[in-house]
Amino acid sequence: MSEGLSRVPVSSRWAPAEEHLPADLAELAGPTEGIVELPLHLVWSGLRAFDLGDEKLLLGMYRIVLLNGRREDCARYLDAALLVAHWPILRKMLGRGVRTVWESRFTQLRPAAAA
């Protein structure tokens, strides 16, 4: 590798850009109960309404927002406490790129052995 090349991180189509993530988990002030209907720019086909009282539906909604959402979507639809509580399961539902970006930004999401 040439010494003149800088090591600039290359964005991946499989991982969100850093600017699409909240600066702090405290920004995530989404609903914690009830039924949430996601907009078409996040869910363009299939189920759009998610009952947060049903853990499978909650996990499905969080996965969609984590994969497709921008910073504003994360702040509007995700709750920090729910994200942290469900992260051990969610991290298995996400691709490595998404999981790595979120865990790099937020130490609270890193697995206990890696923290």
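These remarks concern the structure in this document.

### Observations concerning the side chain of R99
No. 1: Mapped onto the elements, R99 comes out in helix α4 (residues 96-105).
No. 2: Within the buried core, R99 has no salt-bridge partner, and the shortest N-O distance to an opposite charge, that of E103, equals 5.0 Å.

### Points about the packing of aromatic side chains
No. 1: Counted by the stated rule, this structure contains one aromatic pair.
No. 2: Relative to F106, the ring of W102 lies with its centre 5.5 Å away and its plane at 40°, an arrangement referred to as tilted.
No. 3: Judged by its relative accessible area of 1%, W102 is buried.
No. 4: Note on F106: relative accessible area 3%, which makes it buried.

### What to know about helix α1 (residues 55-68)
No. 1: With 14 residues, α1 should cover 20 Å at 1.5 Å per step; its first-to-last C-alpha distance of 20 Å lies within 8% of that length.
No. 2: Those residues of α1 not exposed but buried are L58, L59, M61, Y62, I64, V65 and L66.
No. 3: For α1, the secondary structure elements touched by its buried residues are β1 (35-37), β2 (49-51), α2 (71-77), α3 (80-93) and α4.
No. 4: Structurally, the start of α1 carries an N-cap: the backbone nitrogen of K56 is 3.0 Å from a side-chain oxygen of D54.

### Section: the packing of α1 against α3
No. 1: Between α1 and α3, whose axes approach to 10 Å, the crossing angle comes to 75°. Comparing their axes, α3 and α1 come out roughly perpendicular. Along its contact with α1, which presents E55, L58, L59, G60, Y62, R63 and L66, the element α3 presents L82, L83, H86, W87, I89, L90 and M93.
No. 2: Tallied by class, the residues present in the contact of α1 with α3 amount to ten nonpolar, two polar and two charged.

### Remarks on the pattern of salt bridges
No. 1: Counted under the stated rule, the structure contains three salt bridges.
No. 2: Of the charged contacts, one joins E37 and R48 as a salt bridge, the two residues approaching to 3.5 Å between their closest N and O atoms. Of this pair, E37 sits in strand β1 while R48 sits in the loop between β1 and β2, placing them eleven residues apart in sequence.
No. 3: Given a relative accessible area of 26%, R48 falls into the partly exposed group.
No. 4: Across the pair E103 and R91 runs a salt bridge whose closest N-O atoms are separated by 2.6 Å. Taken as a pair, E103 in helix α4 and R91 in helix α3 lie far apart in primary sequence, twelve residues in all.
No. 5: With a relative accessible area of 10%, E103 lands in the buried category.
No. 6: Judged by its relative accessible area of 22%, R91 falls in the partly exposed class.

### Regarding the packing of α3 against α4
No. 1: Taken N-terminus to C-terminus, the directions of α3 and α4 make an angle of 145°; their axes are 12 Å apart at the nearest point. The two elements α3 and α4 meet at a crossing, and its hand is left-handed. Between α3 and α4, the contacting residues are L83, W87 and R91 on the first element and R99, W102 and E103 on the second.

Cut-off values and rules
- Each residue is numbered by its place in its chain's sequence as written, counting from 1.
- Reporting in this predicted model follows two pLDDT cut-offs: at least 70 for local features of residues, and 80 or more for side-chain atom pairs to be given and counted; totals over whole chains, interfaces and linings ignore these cut-offs and use all residues.
- Note: side-chain values were computed over all heavy atoms of the structure, leaving out hydrogens and water.
- Secondary structure follows DSSP: runs of H or I at least 4 residues long count as helices, runs of E at least 2 residues long count as strands, and numbering of each begins at the N terminus.
- Burial here depends on accessible area, computed with a 1.4 Å probe over protein chains only, as a share of the maximum for the residue type. Under 20% is buried, over 50% is exposed, and the range in between is partly exposed.
- Under this rule, positive means Lys or Arg and negative means Asp or Glu; His and the chain ends count for nothing.
- Whenever a carboxyl oxygen of Asp or Glu lies within 4 Å of a side-chain nitrogen of Lys or Arg, that contact is scored as a salt bridge.
- Pairing of aromatic side chains here covers Phe, Tyr and the six-membered ring of Trp, requires ring centres within 6.5 Å, and sorts the geometry by plane angle: under 30 degrees stacked, over 60 edge-to-face, intermediate tilted.
- Expected helix span is computed as 1.5 Å times (number of residues minus one).
- It only takes one pair of heavy atoms within 4.5 Å for two residues to be counted as in contact.
- Counted as a polar contact is a pair of N or O atoms within 3.5 Å, where, for protein atoms, one must be capable of donating a hydrogen and the other of accepting one, and residues adjacent in sequence contribute only when both atoms are in side chains.
- Angles shown run from 0 to 180 degrees and are taken between the N-to-C directions of axes, each axis being a line fitted to C-alpha atoms and, for helices, limited to the stretch in contact.
- Roughly parallel here means an angle under 35 degrees, roughly antiparallel means over 145, roughly perpendicular means 65 to 115, and every remaining angle is called oblique.
- Throughout this entry, Asp, Glu, Lys and Arg are counted as charged residues, while Ala, Val, Leu, Ile, Met, Phe, Trp, Tyr, Cys and Pro are counted as nonpolar. The remaining residues, Gly among them, count as polar.
- It is the rotation of the near helix from the far one that decides the hand of a crossing: anticlockwise by less than a right angle makes it left-handed, clockwise makes it right-handed.

By themselves, these figures tell us nothing about what the structure is for.
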